[in-house]
Structure formats: structure tokens, C-alpha cells
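Remarks on the overall topology
This is what each chain is made of:
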Amino acid sequence: MVRSTLLALAVALGMGLTSPPAPAFAADALTIYTYDAFAADYGPGPGLKFGFEKICDCTLQFVATDSSIGALRRVQLEGASTKADIVLGLDTSLSGEARATGLFAPHGLTFDTLSLPSAWTDPDFTPVDFGYFAFVYDKTKTPNPPTSFDALIKAPANFKVVIEDPRSDTPGLGLLLWIKAAYGDKAPEIWAGLKPHILTMARSWSDGYGLFLKGDADMALSYTTSPTYHAIAEKNPNYGFADFSEGFYPQIETAGILKSSPNQALAQKFLGWLATPDAQAVIPETNWMYPVSGTVPDGFPPAPAKVLILDEAAITANKSAWIDEALAALR
Amino acid sequence: MPRSANLTIPRRPLRVIGGAVIALAIAALIITLFWSILRAAATQQPSTSHVDLGYLIYITTLQAVLSTALSLVVGMALAWALNRLRFPGRDLIIGLFASAIVTPGLVVAFGLLSVWGRSGWFGFLDIPVFGLGGVVAAHLIFDGAFAARILLARLDGIPDGRLKTGQSLALDPWTRFAVIDWPALRSTLPGLAAIIFLLAFTSFPIVLLLGGGPAVQTIEVAIYSAVRLDFDLSAAVQLALVQIAICAVIIVLSSALAPLSTSLDRSGEPRWRDAAMARWLQWLVLALALLGFATPLLAVLADGIAGLGDVLVQRAFWASLATSLWIGIASALLALLLALVIASARAASSSRLSRIVLGAPAYAYLAVPAVALSLGAFLLVRALGLLPETAAPFVVVVANALLSLPFAMATLAPPFEAIARSRGRLIRALGLGGVRQFREIEWPLIARDVGLVLALSFCFSLGDLGVIALFGTQDFATLPLLLVRSLGAYRTHDAATIAALMLVLTIAAFVALPKLFERLGRADA
């Protein structure tokens, strides 16, 4: 990580030569748009603010919108006049779309020592944390959870799952990509097979997961680390995730620097620091995702044996068509 | 409108002008919001997103028509039962019913599941709560109970004289309903039906939670998706215009139907009991209503008890409570002011067209999709050069006041109309000015309704926060925002407790405010 920090500084100095003189670090303020759970009291926001302000001689301000998509839409609406230096909380399935807005500047950092599902080469967005989408179930009620999409389709008709709407929610979109990555052109058949088991398609992860916790569904689309939350924070070991043989689709949350930001160097310093074990130590037990570096706390499940990946260009080009295809199969 | 009616209405040009100014201001605000979005849309690339508009309109309309028809039938039955029956705790039950409509949709949906869901109190009955049936059932909880509350006020206002005459004629329960009750209810039904239709037509969280998938949707959901996922602002505006056009037909129809005369006297204890069979039916209606409406809300309260200790020690909770209270009070007062001006202007105007012009904008706000409002408000605030964070509280107060305006109008417009018709001659004969007309004639008669309007608007803003989704305001948190944030961080027990506390506040406001104002009105009379 030392290397990437040095590199960040080098790039920062380089930038200083080519762009108008940037204000010095001292007393600078960095404004970060993110989703509200990230900035909340019990989210990673306060810990990261505390950690970075100790070393940066600056102030860090999180501005919370209702979702990460909301944060992106806000900078799109604000354009060059935005106060934001960084947008944090987008994920890799939105990277292509965010890049296409032309609002983001290259971060100039390298990340070659991180523990991520795949090597990080994105020039515009830096990794924040990651997780794997999974169906979560209650072990006391479902002793034998399905082991694949196929097994879920063949489960008795009264076995119900809650999913999220791919149009309004990132896990909902994640499931869509998961099925696409696993089944390709056969995805509509999988959706049609899942249809009788889908209790409802919630607007947001919180609505859907709430339904599951209430006992209205046998499983909910969430993350492999959701049972970890219940085990660690609530001392309740009764939740597990269904180990699907098709493999798992990751969600990597990202951050990007806005071209319009006058604080490019400071923003790069923050994003470089964010990937260090120091900063990452804050993440697991506040955001309940895997850290991109450093140690994974006890109780977090090991990485899945098989991880599915989709090409960013394919996602960006086909997302709308894939959503229409899934919705048509469900209707 | 019969020509003779014009002669009895006191001339109040100032009232008409005041109402017109507010109505035009609301219309201008809505147009400005749309203009802001269109201006932003002009800079966008045309997108490829598309929706099956025909199916959307079909399913949205079907759901809204079902919700409206059932709500009105259930509301009338329940108002009829509550009007005839007296029992301990009646006021509390009325407060509970009235509070349903202002409870956040998510809270009601979860309450419904606590009772009828698979792990609910009656889960063993295996009643399907997802799909079209579940959506309509949830709307029925909101809107049926709300309809009952509004219609009950009309029935309770039937003068003793009419009742005595009816009793001396020994009318049977059916004839009594047809001859005495129905005329009192009829004037309120169009406005009420319009509101319920609009609420069901634009419903969003309930449809997504209980709809069971893409087969049951609303146009509102498609608009949300166009804005949030596709960021296709022109498609969003087109869909929003379709929604508004359909809603406008409903609004204009209901505005054009002139409310008929409503009586204003308050009845005392009912001395006229219906026949035994009818009374059995009344108790049955009440019991079913309690089972259907009250149990989900009681479940919300019961679910909330567990987390009470955790929530009450959070500083964030008390800060949000304080914010919610002042936002609620400010928007309730604003909504009341707007409703008083528009309702009195409508009552003072005699042409059908001017009544539509005065009334429609108040309802139009309901037809505008929440996500479009949020987006438009954000763009407008920025265009005005304000910081979104600074403007957020004002935007929320105005948005919430406008959101509850249709309900305030539905409550206040009929009594104002009735006063103009029944007391018009008296007011003209005495030569009272507008201020004295209000103070000496109108205020004592509408004081209780004013309390109801304040309670409604207060609770509406307690429950709603949609408009500041983009504003970026972690320091400006209200109770519903705290609830959503808790849910988003796995803290479901906290969320359940916040929901229960909001419900308690709502019921308290509904029981206390109308009583308080009735007393104030009597003291002034």
C-alpha cells in the first residue's frame, strides 16, 4: 500500500504541473456523496472520517442521498457545479454507466495487492469493499436449503423467496446479472422457473430483507455476509446462505473522483488510503461487506469456490434488455 | 347550479381572489417543477428505455378502481355502524381508523403481514396476501378506514330534528339510511372517491412490496424506474403526464360535481336505535372492521415494544422526533391556511368553471409522481441558487402541506359549502363582513373539522419524506427517514419501534386535536 500512496503523491505532483495550481492540503475539505447507510452513525462513515482526518489535515464530509444510484443521479444533475469531490458506493455493475457520464476523472492509483474477486484494473473507479449476492435462509425453518437455481426451481411451490426489483435496487440488479452470468441465453427460462417461488419483488433491499426476517418468505436475496451480521451483532447463529453450485456473483462497491473537483490530489489520497488495511478495518463490522485489504474478521465466510464475472461493456450495453427479458418472463 | 342558489351566497370577492391566487400558485409550482425537469432532460441523449404503457394503464386503473369502490362501500358500512353504536373506547377506535391513512405505507404493509402473513397471527388460515388482492387489501386499510372517518363526520352532523321526524315516522333501518343518511353522505362521496382513486393510482411502496412482481404495478413505479435506473428524464416526464392526464379526468369530474347541502348541527347521544337485526349487522360490521383494520395497526404497536429500550436511548431518535414535530406542526398550519382560503373561495363562487379552477390544483398535487416532485424540487432549488441542504426543511414543509391539502379540502369544503347555502341569507340579512362571517358563523361550526385537518396534515408530514430523497441531509433526519435508515442497516427492531412510536403519535393527534378544537369552537360560539 505504501507504493500506491507514493504513486498517488507522484501523480498528485504531476497533476500540479499540468493543471491550474490546486489549493494546498491544509484546511481543505473533501465532500463525498454516498448512500445513507454508509454515512449513518452505525455505518463506516464516522470511522473513516476519524481515521482520515488524523492524517490529512483536512475535513471529510459525507453527504448522504437515499441510495448510491441517487448519489450518481445527483452529480449528473449538478454537472460541473457539484460540490462533490467523490461519489462513493456505486458498484461494478454501474461502473460502465457512470463512466459514460464523462463526469469522472482517472484516479491514477494502482491496486495490485488487494484481495478482490479479480485483479483491479479500472482506471476511473477505486474499490471500497465487496460482497457476494446470495439467498439467505433461517436454519431452524429450512434445514435443507436449495443448492442451485435449478434446485430452487424444483422446490415445492410453497417455498418462497423475496427478491429486489432490478430497476430500483443494486442487489436486484445483482441477481439479474448473477443469473445472466450463470445461464446466459437460458436466463429467461430460469426466471420463468423461479416465478412461482417469488413471493414479491421489493423496491429495496431493506424492504425485502425485512419481509424475510418477518417470516413471510423462506429466503431473501441478500449477501453471503448477512448471516455474519446476525451471528456477530445479534449473537444469533441461525441464519445461513444457500450455497449455490452455479457459483456466486460479486458486488464490488467503488468510488470515483469527479473531474470538476478542485481537490484532485486530496481525493486521490483519500481513495488510496481507503484501500489500505488501516481504513478497511472499519468496513466489515459497519457495512457487513468484505474488506479489500487487511484481515477479514472471524465469522466472515470464506470466499466462494466459484465466482462468476460479466464483462462491463456487455452489462452497460444490455442491462435494459436483460431487465425487460426478466420482467417479461415473470409477468 | 340552480339560479336561486346564487342569491343566497354572500358575495365575498376577496375570498375568491385569495383562493384563486393560491390555486394559481400551486398550478404554477407544479408547472415549474416539470419545466425544471424538462430543461434538464433537454441536455440528455435520447434513451432506449421503453415500457408497456397499455398494460401499465390497465393494471393501475383496475387496481385503483377496485381499491376505490371497496373503500367506499366499506367506509359507508363502517360509518353507519359507528354512527349508531355507542361503547367505551369508541373515540379511540375512531382515532385508530383515521390514523391508518397517514401511516407510512411500509408500516401498514408490515402490519398487514404481522396479522395475515405466513408467520402472522392468522397465518394458519393461509390467506394469500401477495398479488392484486394484497395490494387492494392494504389500500382498503388506509382508505376504507379514512373514508369511514370522513363519512362518520357527515352522519354525526345530521340534525336532531331530522332524526326525530324520521323516528316519529317509524322508518325501518333501510329507509332510514336511504332517506336520512344517504343524502348526508352523497355530497362527500365524489371528493372522497377522487382522493382514494388518486392515492391508489399513484401508490408505490405498497404495490412494490405486496404486488408480488411485475404483473401488478403502477405507472408511478415505471416513473421511478425511468428516473432512477434509466435516468431517462423525458420518458419520466411523458409517463408522469400520462398519469396526470388520467388523474385529471378524475379530479375535474369530482370538482365539477357540486357538493350538495350538508348540515352542520352536531347530534347528541343517539336516542333512535335501529331494529335488532340492523343492530346485529352494525356490531358485525364493527367487529369485522376491527379485525381487518385495527389488528394490523395493533400488530405494529406490539412489534415495536421489544425495541423500545434501544431506541429511547438514541440521541438520533430524539433529534429526529424534534425535527418531525416541528416539520409536522409547520406543514399542518400551512395546509390549514391554504385549505381555509381555497374552501371559502369555492363556497363563495357560484360558477362551475371557477369552482373547478379553484379546486383542481389542490388535488393535482396528488397526481404528480413523488419522484418527479423530488427531482423537480431539487432542480428548482439549485436553479434558485440555494444549497439543497439549506432548502430541505422548507421544501419538506411545503411539499407535505400540499400533499395533505386534498384531504384538508375534502374535510373543510363541504361544511363551507353548507354554511354558504344554509346561513347565506342570515349573513346577508345581518350584513356581516367576511371577517365576522368567519368568526361568528363559520368558525364555531368548522372548529372540529379544523382540528381534524390539523391532525391529518400533521400526521401526513410525520409519515412522508419522499421529496428530499436527493437533497443529501444526514443532519436533517425525521422519524420516517430514521426508520428507513434503521431497516437499511439490519436494525429491524429499531425500525419496528420507530414505526410503533409514529403510530402512537398519529393516533394521539387524531384523538386529541379534533376534541381540542371542538372545545375552542364552542368557547367562541
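Residues numbered from 1 in each chain as written. Chains lettered and ligands numbered in written order. Predicted model: local features only at pLDDT ≥ 70, side-chain atom pairs only at ≥ 80, totals over all residues.

Across its full length, chain B carries 22 helices and 0 strands. Here the C-alpha radius of gyration of chain B, 23 Å, is about what a compact globule of 525 residues would show, namely 24 Å. Seen along its three principal axes, the alpha-carbon backbone of chain B occupies a region of about 70 × 55 × 50 Å. When the 525 residues of chain B are sorted by exposure, 57% land in the buried category. Excluding contacts between residues fewer than 6 apart, the proportion of contacts in chain B whose partners are at least 24 apart in sequence is 86%. (Helix = DSSP H or I, 4+ residues; strand = E, 2+ residues; numbered from the N terminus. Rg over C-alpha atoms; globule rule 2.2 N^0.38 Å. Buried ≥ 20, exposed ≤ 12 C-beta atoms within 10 Å, placed from the backbone. Contact = placed C-beta atoms within 7 Å.)

What follows covers the environment of alanine 182 of chain A. In this structure, alanine 182 of chain A sits in helix 7 (residues 170-183). Setting aside anything within four residues of it in sequence, one finds alanine 182 of chain A in contact with Phe149, Glu246, Gly247 and Leu308 of chain A.

On the side of chain A, 41 residues touch chain B, which itself brings 40 residues to the contact. Among the elements of the structure, helix 5 (105-116), helix 10 (205-210), helix 11 (219-228), helix 17 (370-383) and helix 21 (479-488) of chain B are those that each provide at least two residues to the side of chain B that touches chain A. For the side of chain B that touches chain A, the per-class residue count stands at 23 nonpolar, 12 polar and 5 charged. (Nonpolar A, V, L, I, M, F, W, Y, C, P; charged D, E, K, R; others polar.)

Counting residues in each nonpolar core, the largest one holds 233 residues, and the members touching the most others are Ala220 of chain A together with Leu198, Ile223 and Ala339 of chain B. What leucine 198 of chain B contacts, discounting residues up to four positions off in sequence, is Cys247, Ile250, Tyr363, Leu366 and Ala367 of chain B. The next biggest cluster of nonpolar side chains, apart from the first, holds 53 residues, and it includes Leu30, Tyr35 and Leu72 of chain A together with Tyr490 of chain B. (Core = buried A, V, L, I, M, F, W, Y, C linked by C-beta atoms within 7 Å.)

So, on to the packing of helix 11 of chain B against helix 17 of chain B. Residues and elements named next belong to chain B. Packing of helix 11 against helix 17 brings their axes to within 8 Å, and their N-to-C directions diverge by 35°. From helix 11, Ile223, Tyr224 and Val227 reach across to helix 17, where they touch Val371, Ala372 and Leu375. Among the residues making up the contact of helix 11 with helix 17, the classes are represented as 6 nonpolar, no polar and no charged. (Axes fitted to C-alpha atoms, helices over the stretch in contact; angles between N-to-C directions.)

All names here are of chain A. The N-to-C vectors of helix 7 and helix 14 (residues 312-330) enclose an angle of 95°; their axes lie 11 Å apart at closest approach. Classified by the angle between their axes, helix 7 and helix 14 sit roughly perpendicular to one another. Here Leu176, Leu177 and Lys180 of helix 7 lie close against helix 14, whose contacting residues are Ile315, Trp322, Ile323 and Ala326. Of the residues contributing to the contact of helix 7 with helix 14, the split by class is 6 nonpolar, no polar and 1 charged. (Parallel < 35°, antiparallel > 145°, perpendicular 65-115°, else oblique.)

Of all residues except glycine, most have a negative phi; of all peptide bonds, most are trans. Residues and elements named next belong to chain A. One non-glycine residue with positive phi stands out, namely lysine 235, at about 55°. With respect to the element layout, lysine 235 can be found in the loop between helix 10 (226-233) and strand 9 (239-241). Lysine 235 gets classed as exposed once you count the C-beta atoms within 10 Å, which come to 7. Phi is positive for tryptophan 288, which is not a glycine, with a value near 55°.

Take the confidence of the model for chain B next. Residue and element names in this part refer to chain B. Residues at a pLDDT of 70 or more form 90% of chain B, whose mean pLDDT is 80. Between the elements of chain B, mean pLDDT differs from a low of 50, seen in helix 1 (residues 3-8), to a high of 91, seen in helix 3 (residues 53-84). Residue range residues 260-265 is modelled with pLDDT below 50. Its contacts to residues more than four positions away, or to other chains, number 26 contacts. (pLDDT = per-residue confidence, 0-100.)

All names here are of chain A. Most of strand 8 (residues 219-223) is tucked away, with 5 of its 5 residues classed as buried. Across 5 bridges, the pairing between strand 5 (residues 125-138) and strand 8 is antiparallel. Bridge pairing in strand 8 places alanine 134 opposite serine 222. Pairing of strand 6 (residues 161-164) with strand 8, which is carried by 2 bridges, proceeds in the parallel orientation. Across the sheet, residue valine 161 finds its bridge partner in strand 8, namely methionine 219. (Pairing = 2+ DSSP bridges.)

The next thing to look at is helix 18 (residues 388-422) of chain B. Along an α-helix, residues three or four positions apart point the same way, because every turn accommodates 3.6 residues. Residues and elements named next belong to chain B. Under the 1.5 Å per step criterion, the end-to-end length of helix 18 is 48 Å for 35 residues, consistent within 8% with the ideal 51 Å. In helix 18, a bend of some 40° at leucine 405 exceeds every other bend along the element, and proline 406, a proline, comes one to four places later. The element helix 18 is largely enclosed, with a buried count of 28 among its 35 residues. (Expected span 1.5 Å × (residues − 1). Bend = angle between axes of the 7 residues up to and from the residue.)

Residue and element names in this part refer to chain B. Over its 14 residues, helix 17 extends 20 Å from the first C-alpha to the last, a length consistent with the 20 Å expected when each residue adds 1.5 Å. Of all 14 residues in helix 17, 12 are buried; the element is thus mostly enclosed. Within helix 17, burial applies to Ala370, Val371, Ala372, Leu373, Ser374, Leu375, Gly376, Ala377, Phe378, Leu379, Val381 and Arg382. Remark: glycine 385 follows helix 17 within two positions and exhibits a positive phi of approximately 80°.

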